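Topology and contacts: notes
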Amino acid sequence: MKKLDKFILKAFIGPFVAVLLVVVFVLMMDFLWIYIDELVGKGLGLRVILEFLMWGACTILPLALPLATLLSSMMVIGQMAENNELLAIRSAGVSFGRVLVPLTIASLIISVGAYFAGNDLVPKAYNEIFTLRDDIGQTKDKIKIPSGTFYDGIEGYILRVDDQNDETGMLRGVMVYDHTSNKQNTSLTLADSATINISSNKDYLLFTLFNGTNYKEDNQKGRDTSRQLQRIEFKRQELVIPLANYTFEKSDSSRYGDQSKSMNLKQLKHEHDSLTSDLERIHKKQFGQTFSTSAFSFVSQLDTAKHLDENRRTFDDPRLGITWESIDQKADAYMSALNKAEWFEGDVTGFQRDSYETLFWLRRVDIDLLKKFAQALACFILFFIGAPLGSLIKKGGLGMSAIVSALFFVLYWVIDISGSKLARDGAVSAMTGVFISAFVLMPIGAYLTWKAVNDSKVFNNVDSFKSWWRKLKSRVSGFFHPVRIVYMGTPEFAVAPLDNLIRHNYKIAGVVTVADKPSGRGLQMNESAVKKYAVEHGIPVLQPVKLKDPEFLESLRALKADLFVVVAFRMLPEEVWSMPKLGTFNLHAALLPQYRGAAPINWAVINGEKMTGVTTFMIDKDIDTGGIILRQESRIAPTDTAGDVHDRLMEIGSELVVSTVEGIIQHNVETRVQRSFIQGSEVLKPAPKLTRELCHIDWNDTTDSIYNLIRGLSPYPTAFTEVRQEGSNPLQLKIFSAEKSDLQGTPGQILSDGKNYLAIATKDGAISIKELQLSGKKRMDVKAFLLGFREPESYKTTAGTSLAELSKTRV
């Protein structure tokens, strides 16, 4: 045996023995509580009580061994995992399966021991328990005469005393009725005082009476009904009363050997065979009686095997040879058949009663026989639940391990009791009823062992249960009192989260968005995308011009919101964001604390970032500085425009908003300060508003910078340049899509073949334009543009301002 095996076995055996003793003691308290009434007041000796408890402890071993195996295995493996001993063993290249080998052998030995205990010790214990209970039950209660009442605890006598002295044992005002000769009150003894003593072997009671009188009436013989009264006064008189069954006497214990619980496997098999033979004999007898009864008058005619037609024929079928001379004859025949059927039904019911007792005892024997194997198997199965659970929960001792073990043992116990009851009632077979607990627990043990061997996580920690409980409680609470949400947003980016909240059945009490504004050449009133969606879905809309307007604040309070959700809206004053009891959170289209400001998507692309994302955070008095709740990352491809990133973040953000709302309602979120996300000397980059100066391309910048600027401003507000010919006004040229080019030229110089490409030189290369729009014209690709734009190389670009604007954000 290797040292590791010795170490594991040594760590297991001690706790197993200790736990077994504790479990037996706990179960013995339950056993004692059940039988305490039968033991108290009998005057039993200590030896008898200890013997009774000893045999009782033996009867609970089949229940104690599985629990002790489960609890000790979980404690030992959990303690090793908690102390990192299991980690050290695995680090040495020893798998968890190898760690279980010595413990598996130990649990197998325990299971074999449980079988022999259940087969040899437990039947003997039940036999002794049944005998002791019967002997104790026949032992009369200890004599204790109460004061002021008549006591009939002594056979043949009724006693009454007025008072007793507990210190001297003297009785006062004694009255004794002697009913040994007859049941009438014809013999009475009154005494001023008395003492009572019982013999050492409790076979007689000695009453010593002082200063009293004996009264006795004698009946006359013959027809004379007169009575003769005898009265004898005395100063001292001794009354000897014989006693029976006041001393415990143990009888032969073999008289309960015919009980199924008092039989071993060999005896149970013999009893099973005997009961099976009895049942077969009863069935054979019933079968003979059934076919000899006169209820079957037409046996041959009803035997379909004698006819070609496989279907049963009615009495009207002419092939049966039965014809009716009149309707009365037919009615009489049917009535006779009905009476015989009822008679036969009564016989069958009687047969069931005859075989019921034999079937009942046969089921009892089968259950007790199979339980000897099932209880041994339970030790083995519960080991493969306890040991893996200890490895997974990483908690030893009598804390978490005891709680989890108790839960699994209760599951085993309830299933076992239910299955046994169903088997006793005949609802299921004895095999199914006895082994149903094994059928349920075996897959659980296999799954947990597989998880532990592969070091998978089943329970991360107690927080998993707390999270589940909070989720359940919030759903129940939300069913009766749904959380009311007010949603604040304006552009298309804010529509997807609002739609997702509605699809998840959250109660949107109202929407706050910007007021309608005239726009376009016709100055038509333009509604925000969020307002259009809210109107379509019948959601109340508030459109304040000023967020501190008292009328707006009153309307907002009237919505009785529990939570405010803000997506792409204005900065809120404290009077607004502090209003709901669950707070106000905002969805920001960047990984805060980076890119705080109004245009985070555009600036992430302009700066050439490869990673961005969305963040939900609680709103405070500053801009985008509140505690972060959740963040979700999203990659930016080298060719992505701000529009591409916008659409992707809109979908991710809608899911993140729902997750945040769910967490806040369940009180299952923790905010983190934004500075905790800053790594080392990381510099925070702002996301200010986009200006016209930023959109005007300065071709003196690098190719990469201008390429990212075009992507970051597409499709809106769009990067542009101005081109002009000598003596003409400049034309604005919006650039929606472009590529980097290896062409060379003076920064701002237009490079083109007039047909296929149009490029503008930069500081270190050129930008090849793919999609553009000339002021007053439609958006088009470069080839279509060049068809109407003659001599492009004759144009020059004007000086741009984007480089200066970018320099401000990079200081």
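Now for a description of the structure that goes with this document.

1. Side note on the overall build of the protein
From N to C terminus, the protein includes 21 helices and 23 strands. With 811 residues in all, the protein has 42% of them scored as buried. Contacts spanning at least 24 positions in sequence make up 66% of the contacts within the protein whose residues lie at least 6 apart. If you sum the accessible surface of the protein, you get close to 45300 Å²; carbon and sulfur atoms cover 55% of it.

2. Comments concerning the pattern of salt bridges
Enumeration according to the criterion identifies 19 salt bridges in this entry. Its salt-bridge partner being Asp640, residue Arg648 comes within 2.6 Å of it at the nearest N-O pair. Among the residues examined, Arg648 registers a relative accessible area of 30% and is labelled partly exposed. On the accessibility criterion, Asp640 (10% relative accessible area) is buried. Between Glu805 and Lys808 there is a salt bridge, and its shortest N-O distance comes to 3.1 Å. Of this pair, Glu805 and Lys808 both sit in helix H21 (residues 802–809), three residues apart, which is roughly one turn of the helix.

3. Points about the packing of aromatic side chains
With the rule as written, the count across this model stands at 11 aromatic pairs. Each ring, one from Tyr447 and one from Trp450, has its centre 6.4 Å from the other, and the planes form 35°; the classification is tilted. Placement of the pair is Tyr447 and Trp450 together in helix H10 (residues 430–453), with a separation of three residues, close to one helical turn. A residue is classified by how much of its surface remains accessible, and Tyr447, at 42% relative accessible area, is partly exposed. Three or more aromatic residues joined by ring pairs make a cluster, and in this case those are Tyr115, Phe116 and Phe373. Taking NZ or CZ as reference, Arg160 lies 5.6 Å from the ring centre of Phe150, over its face.

4. Side note on the sheet that holds strand S6 (residues 484–489)
Here we have seven strands laid out as an open sheet, ordered S10-S7-S6-S11-S12-S14-S15, and mixed in their pairing. The two strands at the open ends of the sheet, each matched to only one other strand, are strand S10 (541–542) and strand S15 (628–635). Relative to strand S12 (residues 584–588), strand S11 (residues 563–567) is paired through four bridges, and the arrangement is parallel. Bridge assignment links Val566 to a residue of S12, and that residue is Asn586.

5. Quick look at the packing of helix H12 (residues 495–503) against helix H13 (residues 529–536)
Each pair of packed helices can be summarised by the angle the axes make with each other and by the distance between the axes. Relative to each other, H12 and H13 sit at 25°, their axes nearing to 9 Å. Considered as vectors, H12 and H13 are oriented roughly parallel to each other. Between H12 and H13 lies a crossing of right-handed hand. Residue-level contacts link Val495, Leu498, Asp499 and Ile502 of H12 to Ala529, Val530 and Tyr533 of H13. Class assignment of the residues belonging to the contact of H12 with H13 gives a composition of six nonpolar, no polar and one charged.

6. Some points on the nonpolar core
Most often, soluble globular proteins keep nonpolar side chains buried together rather than apart. Membership of the largest hydrophobic core comes to 76 residues, with the highest contact counts inside it found for Val24 and Ile385. The element best represented in this core is helix H8 (residues 327–393), accounting for 18 residues. Ranked by size, the runner-up nonpolar core spans 72 residues in total, among them Val511, Ala589, Leu649 and Leu772.

7. Topic: empty space enclosed by the protein
Under the criterion given, the structure shown has three cavities of 30 Å³ or more. A volume near 80 Å³ is recorded for the largest cavity. If you go around the largest cavity, you meet 13 residues; those closest to its centre are Ala374, Ala378, Tyr412, Ser437 and Ala438. Taken together, the elements giving at least two residues each to the lining of the largest cavity come down to H8, helix H9 (400–424) and H10. Of the residues forming the lining of the largest cavity, the biggest block, six residues, is contributed by H8. By residue class, the composition of the lining of the largest cavity is 10 nonpolar, two polar and one charged.

8. Focus: the packing of H12 against helix H17 (residues 642–665)
Put simply, H12 and H17 touch, their axes get as near as 8 Å, and they point 45° apart. Between H12 and H17, the angle falls in the class oblique. When you trace H12 past H17, the crossing you get is right-handed. Counted together, Ala496, Pro497, Asn500 and Leu501 of H12 and Met650, Gly653, Ser654, Glu655, Val657, Val658 and Val661 of H17 form the full contact between these two elements. Each residue belonging to the contact of H12 with H17 can be placed in one class, and the counts come to seven nonpolar, three polar and one charged.

9. Remarks on a nonpolar patch on the surface
A surface patch of nonpolar side chains, about 390 Å² in accessible area, is lined by Val22, Phe25, Val26 and Met29. Looking at where Met29 falls in the secondary structure, it is placed in helix H1 (residues 3–39). Since its relative accessible area comes to 39%, Met29 is described here as partly exposed.

10. Focus on unusual backbone geometry
Across the junction of Leu592 and Pro593, the peptide omega takes the value 10°, indicating a cis bond. Here Pro593 shows up in the loop between S12 and strand S13 (596–597). Between Ser714 and the following residue, Pro715, the backbone shows a cis peptide bond with an omega angle of 5°. For Pro715, the location among the structural elements is in the loop between helix H19 (703–712) and strand S17 (719–724). Its identity is not glycine, yet Asn211 carries a phi of approximately 50°, on the positive side. Of note, Asn211 is situated in strand S4 (residues 204–219). If you check the backbone angles, His667 has positive phi at about 55° while not being a glycine. Among the secondary structure elements, His667 is positioned in the loop between H17 and strand S16 (686–687). What makes His667 exposed here is its relative accessible area of 60%.

11. Digging into the side chain of Thr718
Tracing the backbone through its elements, the reader meets Thr718 in the loop between H19 and S17. Here the side chain of Thr718 touches Pro715 through a polar contact of 2.8 Å, landing on its backbone oxygen.

12. A few points about a negative patch on the surface
Among the surface-exposed residues, Glu492, Asp644, Asp647, Glu651 and Glu655 lie close enough to one another that they form a single negatively charged patch. Residue placement: Asp644 occurs in helix H17.

13. Re the pairing of strand S18 (residues 731–741)
Summarising the sheet, S17 and S18 pair through five bridges and their orientation is antiparallel. Residue pairing in the sheet places Phe720 in a bridge with Lys734 of S18. What sits between the antiparallel neighbours S17 and S18 is a turn of six residues, in which Gly727 has the positive phi angle 80°. Of the pairings in the sheet, the one linking S18 to strand S21 (residues 766–774) comprises eight bridges and is antiparallel in character. The residue of S21 that forms the bridge with Lys740 is Ile767.

14. Structural notes on the environment of Ile110
With respect to the helices and strands, Ile110 occurs in helix H5 (residues 96–138). On the accessibility criterion, Ile110 (12% relative accessible area) is buried. Measuring from C-alpha to C-alpha, the distance between Ile110 and Pro66 comes to 9.0 Å, with 44 residues separating the pair along the chain. The residues contacting Ile110, other than those within four sequence positions of it, are Phe12, Phe16, Leu65, Thr69 and Cys379.

So, how was this worked out
Residues numbered from 1 in each chain as written. Predicted model: local features only at pLDDT ≥ 70, side-chain atom pairs only at ≥ 80, totals over all residues. Heavy atoms only, no water. Helix = DSSP H or I, 4+ residues; strand = E, 2+ residues; numbered from the N terminus. Buried < 20%, exposed > 50% of the residue type's maximum accessible area, 1.4 Å probe, protein only. Contact = heavy atoms within 4.5 Å. Areas by Shrake-Rupley, 256 points an atom, 1.4 Å probe, with all protein chains shown as cover. Salt bridge = Lys/Arg side-chain N within 4 Å of Asp/Glu carboxyl O. Phe/Tyr/Trp six-rings, centres within 6.5 Å; stacked < 30°, edge-to-face > 60°. Lys NZ or Arg CZ within 6 Å of the ring centre and 35° of its normal. Pairing = 2+ DSSP bridges. Axes fitted to C-alpha atoms, helices over the stretch in contact; angles between N-to-C directions. Parallel < 35°, antiparallel > 145°, perpendicular 65-115°, else oblique. Left-handed = near helix turned anticlockwise from the far one by under 90°. Nonpolar A, V, L, I, M, F, W, Y, C, P; charged D, E, K, R; others polar. Core = buried A, V, L, I, M, F, W, Y, C linked by side-chain atoms within 4.5 Å. 1 Å grid on protein atoms, 1.4 Å probe; cavity = no way out; pocket = protein on both sides within 12 Å on 5 of 7 lines; lining within 4 Å. Points joined across faces, edges and corners; volume = space filled by probe spheres on them. Patch = residues over 30% accessible without salt bridge, like charges linked within 9 Å, V, L, I, M, F, W, Y side chains within 5 Å. Polar contact = N/O pair within 3.5 Å; in protein donor to acceptor, adjacent residues only side chain to side chain. Lys, Arg positive; Asp, Glu negative; His and termini not counted. Charge placed at Lys NZ, Arg CZ, Asp CG, Glu CD.

What is shown is where atoms sit, not what they do.
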